Amino acid sequence: MSEVNSAGHGPGGHRDEVPRGSAAPEAGTGPAAGAGERPGGGPEARLGGWSRFVTARPRLSLLVALLLTALAVVAGSGVADRLGSGGWEDPTAESTYATKALEREFPASQPNLLLLLDAGGSSVDDPAVAAEARRITARLAAEKGVTGVGSYWRSASPALASRDGHQALIAARITGDETAAADTLDRLAPSYRGRSGPVDVEIGGPVAVRHEMQTTIREDLTRAELIALPVTLLLLVMVFGSAIAALLPLGVGIVAILGTNAVLRGLTEITDVSVFAMNLTTALGLGLAIDYALFIVRRFREELAAGAAPRAAVGTTLRTAGRTVLFSSLTVAVSLAAMLLFPQYFLRSFAYAGIAVVLLAAGAALILLPAALVLLGHRVDALDLRRLFRRGRPRPTGGGGAWGRTAALVMRRAPLFAVATTAGLIVLGLPFLGVRFGTADDRQLPSTAESHVVQQHIRDGFPGSPGGGLEILAEGPATARQYAGYGQRIAALPGVRRVDGPLVKGDAAYFTVQPEGEAVDEGAQRLVGEVRSTAAPFATSVTGTAAVLVDSKDAIGDRLPWAAAFIAIVTLLLVFLLTGSVLIPVQAVLLNALSLTAMFGAVVWVFQDGHLSGLLDFTSSGSIETTLPVLMFCVAFGLSMDYGVFLLSRVKEEYDRTGDHAEAVRFGLQRTGGLITAAAVILAVVMVAIGTSRVANTKMLGLGIALAVLMDAMVVRSLLVPAVMRLTGRATWWAPGPLRRLHDRFGLSEGEAPAPGPAPAREPEGDPEPDRQPARAR
């Protein structure tokens, strides 16, 4: 993380370093510095416009922030109850149209509620069992908000009875949107669940799965916060030493999370938002707030150690670390914004939540945190718990410190480290070549969840896949002979077990097609295309689980190149504005993408193939939900760029100061390696806490991103980046004349540009505590 001071252009075209504790006077400033001020201008001149605005009335700023946070608590209350648990389908797809039309015209064709009746050792055809089942069926049909009730005892369909004859199903549709359906289920479930005469009743179906998933995620999120907050606070105390300083990042994170909840609550009034987005809100809210606050608080403490007054220290911090934080937050937001290009509201929800929490975390770090630091001043070091462990321990002197020595070693053997690290990351990613995409279903829930148990009974004991076949909606006038002919052509397709129907209503009808294999296997997906290409004398549209999956994959495949191009182009532009180089942005994009290979390989090996399923307590469905890799890429790529910006900005400033490429890389890693690693470990702790969820997709998201963050910080930033930059040498910083002039005019850099002056002698660097060592001129 770059911690550079102001730099100007010195002899030779490079920026020369200005000693910490001095600065070029601004126009119109007084000639003398008051007590506690730095030479070269009074505090107001040093702070500049933005710094002056932020720090002019710190108490008022904090009071306003407290009031806004309180309003956010009120505005965001109950947000979890308004979030949906679906959103994986493309709303413009053929399957979505057919589903809605069938729900409207033939509600019995789209059951979302299943009652599994278990007769124990008796047969479902036993008179007492049949009588009780018919009574339950009639009672359910009379319930408000329930339609399309059918059962084995009404239709005698073999698909609704188990092979052993001891279990059978009642199917119905609960009407209304997700919220209304959940309310209806809450009302009905207690009076139907459990023992009823000679049968035991369990409740399942899509509406029960969604409801149970929402409840589980809400409970898991509360538990994750209870795990993450104290562990994070402990790690922050270890990093900062001061208990006061450690509390500041948590405060920033809490403000960001509460503010994002309010934003999501407002968005639910105009669009659908996924309940899974709350997990990202917590993870990024804490993780990025801690990243940004670590960077800013550390720089502020160094300024104080160099003799600056608190207000001046905040000004320097905002001009240096603050600018890097702002730039970093933009790169993360860009990666998350790419999910807005996809039609599924599951992905768009993560963009809403992610962009909001990133901007709020950066805003709190750049506005509220400086105000708190002005008020705290030197008391930011209060309650320094590490003093107990530092007594009598000699401080290291000389050398380049552990991270500097690591960088020097890597650059001495740059080809070896570059090849070995790249090959290792590629090998770790190889399992992703065997990825199989599927849909999220009841197996996302724990194996003991009621709706999971019901569906597992259906998978294991019922013929075919009740509710898992294809539905064909036929629209337009047709004769019985035409319907029969079409049904025969569909039945003759390879992979079709049987065709039921048609059920006719006016000029519309529907057929149900049962595939021979699983509802969403490769055969069922091929069958979707064959059914859609079968000629018919009327308009047809196909839906069902396999059709939704096919349409979802097509939607993602169509938009994925655009999303990737958006991320790449904007990232290239932003990194160019930071560095002025043509090669570094390309390196940043490629190496960041390479850092994610281990995450994708692990996701397939663990969650698709089922390795470690017992240890991690989940049920493998044999596939990966289609949208999850897109989500994980956008989040992990953004976080990788976050750390990349911290390193590159520091290397850039050192190179501008000295013109020594190898030394700039070594010194950049020396100054940022420990801080990036600490931030990555803390973020990984938060993601692992999210990964303790009982919902498999959330577990995958949390553990996968935790792995990606650690691999990026400890392997890519520590080994691969310095090796590659050593191999490219001074060419790393090349840019053609027009682009260099563009960067000179519009480029982003830390600090101001003081008058040229000679660079001071380099101080020997060890690994002293950053908040205790004399701040190094940068």
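Notes on the structure follow. The model shown is predicted, which means the values in this text are computed figures rather than measured ones.

**Some points on the overall build of the protein**
At step 1: Secondary structure assignment for the protein yields 25 helices and 13 strands.
At step 2: Of all 778 residues assigned to the protein, the portion counted as buried reaches 56%.
At step 3: Pairs at least 24 residues apart make up 80% of the contacts formed inside the protein by residues separated by at least 6 positions.
At step 4: Surface exposure of the protein reaches about 30,100 Å², of which carbon and sulfur atoms provide 63%.

**What to know about the side chain of threonine 543**
At step 1: Along the chain, the position of threonine 543 falls in strand S12 (residues 539-544).
At step 2: With a relative accessible area of 1%, threonine 543 lands in the buried category.
At step 3: Once you skip the residues sitting within four places of it in the chain, threonine 543 turns out to touch Ser95, Ala98, Thr99, Leu102, Gln110, Gly469, Leu470, Glu471 and Val548.

**Considering the packing of aromatic side chains**
At step 1: Scanning the entire structure with this criterion turns up 15 aromatic pairs.
At step 2: Seen in terms of ring centroids, phenylalanine 295 and phenylalanine 646 are 5.1 Å apart; in terms of plane orientation they differ by 40°. Their pairing is tilted. Remark: phenylalanine 646 occurs in helix H22 (residues 628-658) and phenylalanine 295 occurs in helix H9 (residues 277-305); sequence separation between them is 351 residues.
At step 3: Centroid distance tyrosine 483 to phenylalanine 538: 5.3 Å. Interplanar angle 45°. Geometry classified as tilted. Residue tyrosine 483 is found in helix H16 (residues 480-491), and its partner phenylalanine 538 is found in the loop between helix H17 (522-533) and S12; the two are separated by 55 residues along the sequence.
At step 4: A relative accessible area of 5% means that tyrosine 483 is categorised as buried.
At step 5: Through a chain of ring-to-ring contacts, the aromatic side chains of Trp88, Phe276, Phe346 and Phe350 assemble into a single cluster.
At step 6: Above the face of the tyrosine 192 ring, arginine 139 is positioned so that its terminal group lies 4.2 Å from the ring centre.

**Here we look at the pattern of salt bridges**
At step 1: Evaluated as defined, the whole model comprises 25 salt bridges.
At step 2: The closest approach of N and O atoms between glutamate 269 and arginine 82, which form a salt bridge, is 3.2 Å. Highlighted residues: glutamate 269 in the loop between helix H8 (243-267) and H9 and arginine 82 in the loop between helix H2 (58-75) and helix H3 (94-105), separated in sequence by 187 residues.
At step 3: Residues glutamate 302 and arginine 298 are paired through a salt bridge, measuring 3.8 Å at the closest nitrogen-oxygen approach. Residue glutamate 302 and its partner arginine 298 are located together in helix H9, separated by 4 residues, close to a single helical turn. Like glutamate 302, the residue arginine 298 is buried in the burial classification.
At step 4: Salt bridges here are not isolated pairs; linked through shared partners, they connect Glu219, Asp220, Arg223 and Arg694.

**Here we look at the packing of helix H20 (residues 597-608) against helix H24 (residues 696-728)**
At step 1: Where H20 contacts H24, the axes come no closer than 9 Å and their chain directions differ by 145°. The handedness of the crossing between H20 and H24 is right-handed. Contacts between H20 and H24 involve Ala598, Met599, Ala602, Val603 and Phe607 from the former and Ala696, Lys699, Met700, Leu703, Gly704, Ile705, Leu707, Ala708 and Met711 from the latter.
At step 2: Across the contact of H20 with H24, the residue classes break down as 12 nonpolar, 1 polar and 1 charged.

**Focus: the sheet that holds strand S10 (residues 496-505)**
At step 1: Read across the open sheet, the 4 strands follow the order S10-S11-S9-S12; overall the sheet is antiparallel. Whereas interior strands pair on both sides, the edge strands pair on one side only; in this sheet they are S10 and S12. Across the sheet, the axes of successive neighbouring strands diverge by a mean angle of 20°, strand direction being ignored.
At step 2: In the packing of H3 onto the sheet, the strands contacted are strand S9 (470-475), S10, strand S11 (508-515) and S12, and the crossing angle to S12 comes to about 95°.
At step 3: Against the sheet, H16 makes contact with S9, S10, S11 and S12, and its axis sits at roughly 160° relative to S10, the strand it touches most.

**A short note on unusual backbone geometry**
At step 1: Of the consecutive residues glycine 501 and proline 502, the connecting peptide bond is found in the cis state with omega at 15°.
At step 2: Looking at where proline 502 falls in the secondary structure, it is placed in strand S10.
At step 3: A positive phi angle, near 60°, is found at alanine 156, a position not held by glycine.
At step 4: Tracing the backbone shows alanine 156 in the loop between helix H5 (152-155) and strand S5 (167-174).
At step 5: Since its relative accessible area comes to 54%, alanine 156 is described here as exposed.

**A short note on the sheet that holds strand S3 (residues 113-118)**
At step 1: Reading across from one edge, S4-S5-S3-S7-S6 is the order of the 5 strands in this open sheet, with antiparallel pairing throughout. Only two strands of the sheet have a single partner each, and these edge strands are strand S4 (146-151) and strand S6 (194-196). Each adjacent strand pair in this sheet contributes to an overall mean axis angle of 25°, direction not counted.
At step 2: Relative to S5, S4 runs antiparallel, the two sharing 4 bridges. Note that in S5 the partner of valine 146 across the bridge is isoleucine 174.
At step 3: Here helix H6 (residues 178-192) sits on the sheet in contact with S3, S4, S5, S6 and strand S7 (199-204), set at roughly 165° to S7.

**Comments concerning the nonpolar core**
At step 1: Within the largest apolar cluster, 151 residues are counted, with the highest numbers of intra-cluster contacts made by Phe276, Tyr292, Leu373 and Leu631.
At step 2: If one sorts the elements of this core by residue count, helix H11 (residues 345-376) sits on top with 18 residues.
At step 3: Setting aside residues up to four positions removed in sequence, phenylalanine 276 forms contacts with Ser85, Trp88, Met213, Ile217, Phe346, Phe350, Val695, Asn697 and Thr698.
At step 4: Ranked by size, the runner-up nonpolar core spans 37 residues in total, among them Leu116, Leu117, Tyr152 and Val207.

Here is what the cut-offs are and how they apply
- Residues numbered from 1 in each chain as written.
- Predicted model: local features only at pLDDT ≥ 70, side-chain atom pairs only at ≥ 80, totals over all residues.
- Heavy atoms only, no water.
- Helix = DSSP H or I, 4+ residues; strand = E, 2+ residues; numbered from the N terminus.
- Buried < 20%, exposed > 50% of the residue type's maximum accessible area, 1.4 Å probe, protein only.
- Contact = heavy atoms within 4.5 Å.
- Areas by Shrake-Rupley, 256 points an atom, 1.4 Å probe, with all protein chains shown as cover.
- Phe/Tyr/Trp six-rings, centres within 6.5 Å; stacked < 30°, edge-to-face > 60°.
- Lys NZ or Arg CZ within 6 Å of the ring centre and 35° of its normal.
- Salt bridge = Lys/Arg side-chain N within 4 Å of Asp/Glu carboxyl O.
- Axes fitted to C-alpha atoms, helices over the stretch in contact; angles between N-to-C directions.
- Left-handed = near helix turned anticlockwise from the far one by under 90°.
- Nonpolar A, V, L, I, M, F, W, Y, C, P; charged D, E, K, R; others polar.
- Pairing = 2+ DSSP bridges.
- Core = buried A, V, L, I, M, F, W, Y, C linked by side-chain atoms within 4.5 Å.

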